[in-house]
Amino acid sequence: MPESRSILITGATGLLGRSVLQRLLAADARLRAVVLVRDSSSCASIADTANVHGRVTLVEGDLRSAGLCLTSETLAMIRRQVSAIIHLAASTSFSNTLEDARVVNTTGTLHLLELARECRGFERFAYVSTAFVAGRRTGVITEELASPSAGWVNAYEQSKYEAELFVCREAADWTILRPATVVCDDRNGAVSQLNAVHRALRLYRAGLVAMMPGINGSTLDVVTTEFVADAIARLALRDDARGKIVHLCAGEGALPLGELLDMTYACWARDSEWRRRGIARPPLVDLATYALFERSIEEVGDASIKRLTRSLSHFVPQLALPKVFDTTTARALLGDGAPPVRDFWLPMLQRLFVDGHATLGTPRAA
Amino acid sequence: MSAPGISGIAYALPAHRRDLSELAALGQLESDPSLLAQFGFDGVHVAEEETPYSLATTAATTMLSEQRVPPESIDLLLYCGTSSLAFAPHGGTADAACLLASTRRFQYPATRLQYDLGLERASTIALDQLACTSLFAAVRLARATIAVGEARRVLCVSAEFFPECAGREAIFNCTSDAGCAVLVDGGAQRNRIVASAEITKGYYWDADALRNEIVASYFPTAKHVIDETLRRAGWSPNDVTWVIPHNVSVRSWEILLGLAGVPRARLWDRNVSRIGHTLAGDNFINLRDAIDDGSIRPGDRLLLFSYGYGAHWTALAVEA
């Protein structure tokens, strides 16, 4: 990368994006970063990073608009200086309509690709997607462009899949990085950002989960921020990652769903006050039975249980679509894989629920 | 001695029946009648002249007569039902309040039934606070009593009306008044009780306050009790010939059968529309009718499951 060139990074206000940015700046003292934010006044954490490194420029813009709502001066600066884009920003709500999800995830990516084409000496478009572009497919999911034939569980997955198609088609040089769902910061289990997995666990702990979709062979593939951020920072600009799709997933280290529920139950049952309530471990059911239960809740449930059930319905069907994410490319490029889920699941539960410092957040995806 | 079994069942329903539209017009439903119809309900039997005790007596007298059981052969009478309401016409609460506040509270239906039926040798025990699982508890207790040689023949009688001021719907289930009598016999030729399981979760004692939690716990706990009953019986889900249900929403049964791995076609659900749910003992009413209509043949493997406020989950494995 030329000495005077910069990267443009989106999504750096999020936990993962901020971590990626810090790693990139720490790894390359010559690197400069243009950080696209929607509102710079609410980006204290990025401002801190900028102050520490002195090589960060915040620009206000909006992915949803062609030209990103950037001023002509900013656009000119980007066209002149930026040689790579690392695109992490996404609308991660699982409950979005397809139209809403596409606005940011698909169209927003297209707008960035258009900008990339205008940059002189542009070298790399690194797109941070999701492993769940695999949608309803089951079995071994390879590190290749997905087939759309099986469909998707939610609009988030579909919109990210469509963005991948644009990236492969429109970018001359690209890398696609597909993380599984991030559930904690590192192997110690600290949780800085809550998402749909934590919300589901909270409902389970409260005795409000009647059943979970799942069958023998279902696993939960989740990862740490540390692993994903490190992998993105190491691979986004690397020559040997050109044209590669890389699964940043636990892969074979994913935890079987039944074991995960048992492990979780055993952890909570150490608390005698919780145990004496007699909360049942949710049984695994096929999708048809789960759909019947959801339908019944919609018909007869009160507002509270409807809301709780809907909050799960946008992602739990994935649990009944058993899949193993192949991580051959990731391992070849990184020299190692993600930590097995077994290594951080219990510490995460301990930190999140037993130590009692978690608060509820809006469900978010990886 | 062979395993205790159910040698006779009889039940009594009030003469008056109201269909869903009548119940809705009287403000006795919480839900839209069309939704309840989707769940399998058509109407319920509502006591007007009858008392819980009169239905209990009718059911027990019928059972003894049909089975030609000499009353003096009964060793134990197990009576299930709220004693303060037992003699109140249509289960009304006004008289019950006076009864509770006077020495009339000692006018117990269980002992009166022992006298009225001529059960001269029968000791008497009353069960309460088990809601829709009361008759299950009586049958389990009868089986255990017979197994330890304390009795050879036990008459279980249950009569319970839906609370007078509560309409006719409980969590999307339409409920009839009824009485039911079950004879458990150490020498029964049919309906051998193979296994049972029961779970009580006292945390859910306040059904109104923990409604959502109960909805969520109902299915996993029901599956657990069914699994445990089948395990104790040495049966697989596919071995079950008929599921003899409590008459709650057919939809909830379809979900539970999906969880338990029992095919939907094995649910004997013909009484959901005709009678609806009862607190007195749906499963045994259904067992009687399923035998009468020829659905059940000797050797069939029957699974009976019920849930009762309190909260209790219970199941029996019965070999016909």
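Residues numbered from 1 in each chain as written. Chains lettered and ligands numbered in written order. Predicted model: local features only at pLDDT ≥ 70, side-chain atom pairs only at ≥ 80, totals over all residues. Heavy atoms only, no water.

1. Describing the packing of aromatic side chains
All names here are of chain A. Keep this limit in mind: Note on ring pairs: Phe, Tyr and Trp rings are taken, using the six-membered ring of Trp, and paired if centres are within 6.5 Å. Classes follow the plane angle, with under 30 degrees stacked, over 60 edge-to-face and the rest tilted. Secondary structure is summarised from DSSP: a helix means a run of H or I of at least four residues, a strand means a run of E of at least two, and numbering begins at the N terminus for each. Only protein chains enter the accessibility calculation, which uses a 1.4 Å probe; a residue whose area is less than 20% of its type maximum is buried, one above 50% is exposed, and one in between is partly exposed.
One pass over the structure, following the stated rule, counts 21 aromatic pairs over all chains. Arranged with centres 5.0 Å apart and planes meeting at 70°, the rings of Tyr-204 and Trp-268 form a pair that is edge-to-face. Of this pair, Tyr-204 sits in helix H7 (residues 196-205) while Trp-268 sits in helix H9 (residues 257-269); the two residues are 64 residues apart in sequence, bridging distant segments of the chain. Judged on exposure class, the residue Tyr-204 and its partner Trp-268 are both buried.

2. Concerning the sheet that holds strand E8 (residues 173-176) of chain B
All names here are of chain B. Counted only if it meets this: Two strands qualify as a pair provided DSSP detects at least 2 bridges between them.
Strand order across the open sheet formed by three strands is E7-E8-E12, with mixed pairing between neighbours. Bordering the open sheet on either side are strand E7 (169-170) and strand E12 (277-278), each of which pairs with just one other strand. As judged from the two bridges shared by E7 and E8, these two strands associate in the antiparallel manner. In the strand pairing of E8, Ala-170 is matched with Asn-173.

3. Points about the confidence of the model for chain A
Selection criterion: Per-residue confidence from the predictor is reported as pLDDT, a score between 0 and 100. By definition in these notes, contact holds between two residues if any of their heavy atoms fall within 4.5 Å.
Across chain A, the average pLDDT comes to 90, with 92% of residues at 70 or higher. Low confidence marks residues 358-366 of chain A, where pLDDT is under 50. Its contacts with residues over four positions away, or in another chain, come to 30 contacts.

4. Some words on the packing of helix H7 (residues 211-233) of chain B against helix H8 (residues 250-260) of chain B
Residue and element names in this part refer to chain B. To keep things clear, this is the line we draw: Here, axes are lines fitted to C-alpha atoms. For helices the fit covers the stretch in contact, and angles between N-to-C directions go from 0 to 180 degrees. Should an angle fall under 35 degrees it is taken as roughly parallel, and over 145 as roughly antiparallel, whereas 65 to 115 is taken as roughly perpendicular and any remaining angle as oblique. For any pair of crossing helices, the crossing counts as left-handed if the nearer helix is rotated counterclockwise from the farther one by less than a right angle, and right-handed if it is rotated clockwise. Classes in brief: Ala, Val, Leu, Ile, Met, Phe, Trp, Tyr, Cys and Pro nonpolar; Asp, Glu, Lys and Arg charged; the others, Gly included, polar.
With their axes 9 Å apart at the nearest point, H7 and H8 run at an angle of 50° to one another. Looking at the two axes, H7 sits oblique to H8. The two elements H7 and H8 cross, and the hand of that crossing is right-handed. On the side of H7, the interface is formed by Tyr-218, Phe-219, Ala-222, Lys-223 and Ile-226, while H8 contributes Ser-252, Ile-255, Leu-256, Leu-259 and Ala-260. When its residues are assigned to classes, the contact of H7 with H8 shows eight nonpolar, one polar and one charged.

5. Topic: helix H14 (residues 341-354) of chain A
Cut-off, in case you're wondering: Helix span is expected to be 1.5 Å times the residue number reduced by one.
With 14 residues, H14(A) should cover 20 Å at 1.5 Å per step; its first-to-last C-alpha distance of 19 Å lies within 8% of that length. Residues of H14(A) that are buried in the fold lie against strand E8 (181-184), H7, strand E10 (219-220), strand E11 (222-224), strand E13 (255-256) and H9 of chain A.

6. Concerning the domain arrangement of chain A
Residue and element names in this part refer to chain A. Rule in force here: The domain limits used here are those given by an automatic or database domain assignment. Summed over both partners, the accessible area (1.4 Å probe) lost when two parts come together is defined as the buried area.
Split into domains, chain A comes out as domain 1 (6-184 + 222-253) and domain 2 (196-219 + 254-321 + 341-354). Between domain 1 and domain 2, the C-alpha centre-to-centre distance is 30 Å. If you look at the interface, domain 1 gives 20 residues, while domain 2 gives 16 residues. Of the roughly 1300 Å² buried where domain 1 meets domain 2, counting both sides, 68% is carbon and sulfur surface.

7. Overview of helix H12 (residues 303-313) of chain A
Note the threshold: Counted as a polar contact is a pair of N or O atoms within 3.5 Å, where, for protein atoms, one must be capable of donating a hydrogen and the other of accepting one, and residues adjacent in sequence contribute only when both atoms are in side chains.
Among all positions of H12(A), only Ile305(A), Leu308(A), Thr309(A), Ser311(A), Leu312(A) and Ser313(A) are buried. Residues of H12(A) that are buried sit in contact with H7 and helix H11 (287-300) of chain A together with H7 of chain B. Measuring from the side-chain oxygen of the N-cap residue of H12(A) to the backbone nitrogen of Ser304(A) gives 3.1 Å; that N-cap residue is Asp302(A).

8. Points about empty space enclosed by the protein
All names here are of chain A. We count it as follows: Put plainly, a pocket is an open set of points on a 1 Å grid over the protein atoms alone with protein on both sides within 12 Å along at least five of seven lines, a cavity is a set where a 1.4 Å probe fits but cannot get out, and a lining residue has an atom within 4 Å of a point. Grid points are joined across faces, edges and corners, and a volume is the space filled by probe spheres set on the points.
Per the stated rule, a full pass over the model turns up four cavities of 30 Å³ or more. One number sums up the size of the largest cavity: a volume of about 440 Å³. For the lining of the largest cavity, the elements supplying multiple residues, two or more each, are helix H6 (155-170), H7, E10, H9 and strand E15 (323-325). Top contributing element to the lining of the largest cavity by residue count: H7, with five residues.

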